[in-house]
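# A closer look at the structure
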Amino acid sequence: MSYYKPKFRHPNLPKNDLGYTVADYDGSISTLCAGCGHDSISAAIRNACFLSSIPPHKIAKLSGIGCSSKMPTYFLGKSHGFNSVHGRMPSVATGASVANRDLIYLGVSGDGDTASIGMGQFVHLIRRNVNMTYIVANNGCYGLTKGQDSATADLGSVNKYGGTNPFDGIDLASLALLQGASFVARSFSGDKEQLEPLIRAAMAHRGFAFIDVVSPCVTFANHSGSTKSYAATREHLDAMPVDFVPMREEIRTSYREGSSQSVTLHDGSIIHLMKAREDYRADDRTEALMAVQSANASGDILTGLLYLDPNSQDLNQTINLATKPLNKLGKDELCPGSRVLNSINEGLR
Amino acid sequence: MRATDTSDPEYFHKVVDCQYACPAHTPVPAYIRLIAQERYTDAYLINWESNVFPGVLGRTCDRPCEPACRRGRVEEEPVAICRLKRVAADFKDDVAAMLPKAGKPNGKKIALIGAGPASLTVARDLAPLGYELHVYDEQPKGGGFMRSQIPSFRLPESVLDEEIGYILDMGVTTVFDTYVDSMAEMLTKGYDAIFVGSGAPRGRDLPKLPGRQEADANIHIGINWLSGVAFEHTKEIGKRVIVLGGGNTAMDCCRTSRRLGGEEVKVIVRSPFDDMKASPWEKEDAMHEGIPILDNHVPLEFVVEDGKLVGMKFDKVEAKYDADGRRQLISTGEAPEFVPCDDVIIAIGQENAFPWIEKETGIRFTSWGTPIINDDETFQSTRKEVFFGGDSAFGPSNIITAVAHGHKAAVSIDLYCQGKDLSKRPPPNVTLVGQKMGIHEWSYDSVPILDERKVVPLEDLTRSLADRMVEVELGFDAETAFIEAERCLNCDAQTVFTDANCIECDACTDICPTSCITFTENAEEPELRQKLMVPAENETQDLYVSGDLPTGRVMVKDEDVCLHCGLCAERCPTAAWDMQMFLYNMAKATPNLLEGAK
């Protein structure tokens, strides 16, 4: 019986700048179905945090309800975590990010948790540009309740019971673009080469970073009629490769001139976008929207970094919040005393 | 790289490191699991079929399996395989009724010269087939070096008698107390084949060292001296003893000396301590009994006063290694060191010696004094009906190697007696069976425990030094044996991959605790080894490579530190991975030796 992952690790596991191995970013063993795309996303998050040398205690994992929202248990076992009410993770994330701006917030949600019950909260995260990474593990079905069509199920997709979905699915990436998100990406759980650098870039981005990840439900939607199966996703995948170079690292890879564009994030990290398409520009929201829409129309799944505004202003800046986390503000800073009051009063005379 | 051909049993055989390293290829994990299940008799029988002397080997084996054990690559220490074998022998029920009996006579008659492990193995393998077997030995009892060289405090006589008895009871004719002094004569006795398992019986001496002749009364050749003790011709030794040599025989000589009146016993060896040939545990056992080991001392002379040995002089040296790793012992230039003593035992190696094999027999020898042998599969000499095995074939080795030679020679003799081609060897007996019992359940304990290697308890030192018949090691009790058995990683539970089922979901890669599995573009082996999640630096361990998968990549598994925990197969949604139990038994003259007896 093994509801337990053995403690032995490869003796030559590489270490990151903090001296940690990737195993230090592991969580408990997954209880999701064997072969679930979500487990691959968990591994990609784990690998991304390891590669970016983020101290696990500087990360807070937030989730709602659903298969997707169970995921945070399965990675970063030494990080903070909050498993909130269904669809209400955005309000918890907003509050937390305002209260302690020193932590890195990682929201993990699903198509139900985001596009159905949580839709109202989700758009406000975007509107406020809360400084967090928000990953949707999108499988187009309600796996936890036996595979009914979700709000992101594609029109014409066949469900487990043989029924064909009569509704157009909500495209979360288009929605995020429309709503003004400062970082929008799409990826596929089976493409870690792209997903890992996207997660690293999202975590380095200041502001709301959204990644919609197609993540096949291996139990209820991995059959021939499903549009989000492993096979269908691979068949229609139009992937734009991405590379992420953190600020403190030298650029070692050489890119063919004209073959890539690079975007520098606020912290000096660089994202390299390999041009799968000659004309694609990640800094043009209108063009990104057009590209996503036209891919959708032709049945392709366009993945990669769709849009990025590296100089966006996050919620904490917008509301002019103290630069220190609230829990670090002492009595003297919160009640600066009569001398400061007097000087304020003086200023108003 | 080309896709791995797992239909060749040698691929999975190599994955079971302990079994692969064992000359007789004993299915180690299989019997260790039986020990954990308290099925000691079954564990013993698996051993007996493969290595013939489980009780003897469980105490004395050179354990090539343990340095090979995978556990030693994921933590500090390998599984105590050898001592678990002893557990099977210690706790088994009476097995006599379960062993095969002599077969219906087939009319063929074989002579076996020397009653050591190689000859006895040949006899065991051939008896059920109906061969008439005549075992010759100059000693009054069978066992060869197992009896004459291994002291009773390491191997009780009762254990030896029992396991030799199982073989001799299969209708084997013993011609003991008989030194065979002419091969030419043996060849006239009407044997269909003759097997020579007479060992490497000549102990090396230092004939030219000054004082050797004068001090002869107090200088003993190690193997002869141990034999004298075993057969109770020698009952005492001086208070101060020098043992020359750094091998396991030297360790047995010094420890035996301690029990025969030696109070100040020293092992003195030419080489540095770390280069000594003795197994590390045998050196530890000697030092535990208060025997110092003086290394880097080259003997200069035996010092004789008034016609009696009073000590030895040594030149102190330093070892220097050249670029090729060749060692030179260079004198430090200090004055020779005098070590007083009453007796010296020379245990500096042994050689093959066949003064009894005449030239005209057509049996030819190499310049090293070993017989010219067809190859290390057939063991046939230059005279086609004569076969060699054990130490007499390739020079001094160990019991388990002699057993392995015996199995192969028995196959050859059987083929030869049937007039068949010796090069057409029977294949090994192999099975590969799925182990899935449920979503999270395998038929074996798949989760490795974290316990460290258990230490074997020892008899009280004073008591064991007082009597050479008292066994020093006490063996594991059942509870300790269970924990030690559970440390085994079940490397014979093979990870079998079916390309056609794989949907490339990465679940196996993500879950693998030791990062063994990578999906990547194929390449030549050196490049592929570097491309893995953790580069595969241990080149003695194979890469398991799949055929091309739908994305154009291949699955590559580095076998090196796979825990055989089965998580890849548990997390696989399509059963592309499966855990299948691999049982490999090397070919023997009698296939299904134990089934035939039931």
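Shown above is the structure to which this text applies.
Scope of this entry: the structure provided in the associated data block. Only a predicted model underlies this, so the values are computations on that prediction, with no experimental measurement involved. (Residues numbered from 1 in each chain as written. Chains lettered and ligands numbered in written order. Predicted model: local features only at pLDDT ≥ 70, side-chain atom pairs only at ≥ 80, totals over all residues. Heavy atoms only, no water.)

## Thoughts on unusual backbone geometry
Residue and element names in this part refer to chain B. The residue F379 is not glycine, and still its phi comes out positive at about 60°. Mapping F379 onto the fold places it in the loop between β15 (350-351) and β16 (386-388). Phi is positive for E504, which is not a glycine, with a value near 55°. Inspection of the secondary structure puts E504 in the loop between β20 (493-497) and α20 (507-511). Among the residues examined, E504 registers a relative accessible area of 1% and is labelled buried. (Helix = DSSP H or I, 4+ residues; strand = E, 2+ residues; numbered from the N terminus. Buried < 20%, exposed > 50% of the residue type's maximum accessible area, 1.4 Å probe, protein only.)

## Comments concerning the side chain of T378 of chain B
Among the secondary structure elements, T378 of chain B is positioned in the loop between β15 and β16. Among all residues touching T378 of chain B, those that are not within four sequence positions of it are F387, A409, S412, L422 and R425 of chain B. (Contact = heavy atoms within 4.5 Å.)

## Digging into the interface of chain A and chain B
Of the residues lining the interface, 29 residues belong to chain A; the matching set on chain B comes to 34 residues. Between chain A and chain B, roughly 2,700 Å² of surface is buried when both sides are summed, and carbon and sulfur atoms account for 60% of that area. Summed over the shared surface of chain A and chain B, the number is 3 salt bridges. Among the salt bridges present, the one from K192 of chain A reaches D506 of chain B, with a minimum N-O distance of 3.0 Å. Secondary-structure elements contributing two or more residues to the side of chain A that touches chain B are α1 (37-51) and α8 (230-236) of chain A. Tallied by class, residues from the side of chain A that touches chain B come to 15 nonpolar, 7 polar and 7 charged. (Buried area = accessible area lost by both parts, 1.4 Å probe. Salt bridge = Lys/Arg side-chain N within 4 Å of Asp/Glu carboxyl O. Nonpolar A, V, L, I, M, F, W, Y, C, P; charged D, E, K, R; others polar.)

## As for the pattern of salt bridges
Residues and elements named next belong to chain B. Counted by the stated rule, this structure contains 58 salt bridges over all chains. The salt bridge involving D560 is made with R73; its shortest N-O contact spans 2.7 Å. Note that D560 is positioned in the loop between β23 (554-558) and α22 (567-570) and R73 in helix α7 (residues 71-74), a separation of 487 residues in sequence. Of the charged contacts, one joins K557 and E559 as a salt bridge, the two residues approaching to 2.7 Å between their closest N and O atoms.

## Considering the nonpolar core
Residues I45, F183, I211 and I271 of chain A are the most contacted members of the largest nonpolar core, which totals 81 residues. It is helix α7 (residues 192-204) of chain A that provides the largest number of residues to this core, a total of 7 residues. Ignoring any residue separated from it by four or fewer positions in sequence, one finds F183 of chain A in contact with L198, A201, A202, H205, F208, A209, F210, I211, I271, L305, Y307 and L308 of chain A. F8 of chain A together with C69, V74 and F497 of chain B belong to the second-largest nonpolar core, a separate cluster that totals 70 residues. (Core = buried A, V, L, I, M, F, W, Y, C linked by side-chain atoms within 4.5 Å.)

## A few points about the sheet that holds strand β22 (residues 543-545) of chain B
Residues and elements named next belong to chain B. What the 3 strands build is an open sheet, ordered β21-β23-β22; its pairing is antiparallel. Every other strand in the sheet has two partners, leaving β21 (517-520) and β22 as the edge strands with one partner each. The sheet shows a mean angle of 25° between the axes of neighbouring strands, taken without regard to direction. (Pairing = 2+ DSSP bridges. Axes fitted to C-alpha atoms, helices over the stretch in contact; angles between N-to-C directions.)

## Thoughts on helix α14 (residues 248-259) of chain B
Residue and element names in this part refer to chain B. With 12 residues, α14 extends 17 Å from end C-alpha to end C-alpha; this agrees with the ideal 16 Å at 1.5 Å per step. Across the 12 residues that make up α14, a large majority, 11, are buried. Buried within α14 we find N248, A250, M251, D252, C253, C254, R255, T256, S257, R258 and R259. Count one or two residues on from α14 and you reach G261, which has phi positive near 110°. (Expected span 1.5 Å × (residues − 1).)

## Comments concerning the pairing of strand β8 (residues 208-214) of chain A
Residue and element names in this part refer to chain A. The element β8 is largely enclosed, with a buried count of 7 among its 7 residues. Bridging between strand β4 (residues 132-138) and β8 involves 7 bridges; their strand directions are parallel. Considered in β8, the bridge of M132 is made with F208. Viewed along the sheet, the connection from strand β7 (residues 183-188) through α7 into β8 turns out right-handed. (Right-handed = clockwise from strand over helix to strand, strands pointing away.)

## Considerations on the packing of aromatic side chains
Tallied over the entire structure, the rule returns 22 aromatic pairs over all chains. Consider the rings of Y20 of chain A and Y25 of chain A, whose centres lie 6.1 Å apart with planes at 80°: the pair is edge-to-face. The class of Y25 of chain A is buried, set by a relative accessible area of 0%. An aromatic cluster of at least three residues, connected via ring pairs, comprises Y11, F12, F497, Y544, W577, F582 and Y584 of chain B. The ring of F153 of chain B carries R259 of chain B above its face, with NZ or CZ at 3.7 Å from the centroid. (Phe/Tyr/Trp six-rings, centres within 6.5 Å; stacked < 30°, edge-to-face > 60°. Lys NZ or Arg CZ within 6 Å of the ring centre and 35° of its normal.)

Read these as geometric descriptors, not functional statements.
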